[in-house]
Amino acid sequence: MSDLCHSFPPVAKKNAVILILGALPSVLSLEKCENYGNPQNHFWRLVYALFGKTPDEEYEKKTAFLYSKKIALWDSIASANRRGSLDGAIKNVVPNDFDSFFVQHTHIKHVFFNGAKSEAVFKKHFPHLCAAVPHTRLPSSSPIPTSKIRNFEQKLAAWSVVKNVWDELNISRPFY
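Just so you know, these numbers come straight off a predicted model, no measurement behind them.

**Things to note about the overall build of the protein chain**
Reasoning step 1: In terms of regular secondary structure, the protein chain is built from seven helices and seven strands.
Reasoning step 2: In sequence order, the secondary structure elements of the protein chain are arranged as β-β-α-α-α-β-β-β-α-β-α-α-β-α.
Reasoning step 3: The C-alpha radius of gyration of the protein chain comes to 15 Å, within 12% of the 16 Å expected for a compact globule of 176 residues.
Reasoning step 4: Structurally, the protein chain occupies a C-alpha span of about 50 × 35 × 30 Å along its principal axes.
Reasoning step 5: Going through the 176 residues of the protein chain one by one, you find that 47% of them count as buried.
Reasoning step 6: Within the protein chain, residue pairs in contact and separated by at least 24 positions form 68% of the contacts whose partners lie at least 6 positions apart.
Reasoning step 7: As displayed, the protein chain has an accessible area near 8900 Å², and 54% of this comes from carbon and sulfur atoms.
Reasoning step 8: In the protein chain, the 22 positive side-chain charges and the 15 negative ones have mean positions that sit 4 Å from each other.

Structure, rendered in structure tokens:
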């Protein structure tokens, strides 16, 4: 049997408007106790670049940056068996409790999935939420190239939809 892995608690304030969902933290992220703790992963570079910034070094500053943009971060999977860090090795999925999350975070207007596994798990277990909240699958922030996304610049172009939605929702203005 594979190693049992657990996700972290959500990185979210009550006023979050956008939710970005990964699948399950990598082995290195679990060791560091940080979301996207593997420096090879493009997540922090992507999110900061959307706003014309360079990522902070300290994890607390990175999460504060998300809070300042009213972006929440979590994983679709609460626990699963997995050897290594590849999403394809994930077995015996237990999803996170999104029914409770959405009751507590009533301002979420759009969900973005960081890769196919996150989307598949969420859609399988929460079709009612998929029907209620707009959602978009993004290419994975993993550094592994795919047939369609070969480099960071292509990935950033695909992730620009997050900033477009952020702008459309006028999140920069203070409200709540």
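From this point, things continue past the structure.
**Some remarks on the side chain of S118**
Reasoning step 1: Relative to the elements of secondary structure, S118 occurs in helix α5 (residues 116–125).
Reasoning step 2: Residue classification places S118 among the buried residues on the basis of a relative accessible area of 0%.
Reasoning step 3: A distance of 2.9 Å separates a polar side-chain atom of S118 from the backbone oxygen of L21.
Reasoning step 4: Not counting residues up to four positions away in its chain, the partners in contact with S118 are L21, G22, A23, S76 and F113.

**Things to note about the pattern of salt bridges**
Reasoning step 1: With the rule as written, the count across this model stands at five salt bridges.
Reasoning step 2: Put simply, K123 and E119 hold a salt bridge, and the shortest N to O gap is 3.2 Å. Note that K123 and E119 are positioned in helix α5 at a spacing of four residues, about one turn of the helix.
Reasoning step 3: Classification of E119 by relative accessible area gives buried; the value is 12%.
Reasoning step 4: Residues joined by salt bridges that share partners form a network here, namely E119, K123 and R137.

Here is what the cut-offs are and how they apply
Residues numbered from 1 in each chain as written. Predicted model: local features only at pLDDT ≥ 70, side-chain atom pairs only at ≥ 80, totals over all residues. Heavy atoms only, no water. Helix = DSSP H or I, 4+ residues; strand = E, 2+ residues; numbered from the N terminus. Rg over C-alpha atoms; globule rule 2.2 N^0.38 Å. Buried < 20%, exposed > 50% of the residue type's maximum accessible area, 1.4 Å probe, protein only. Contact = heavy atoms within 4.5 Å. Areas by Shrake-Rupley, 256 points an atom, 1.4 Å probe, with all protein chains shown as cover. Lys, Arg positive; Asp, Glu negative; His and termini not counted. Charge placed at Lys NZ, Arg CZ, Asp CG, Glu CD. Polar contact = N/O pair within 3.5 Å; in protein donor to acceptor, adjacent residues only side chain to side chain. Salt bridge = Lys/Arg side-chain N within 4 Å of Asp/Glu carboxyl O.

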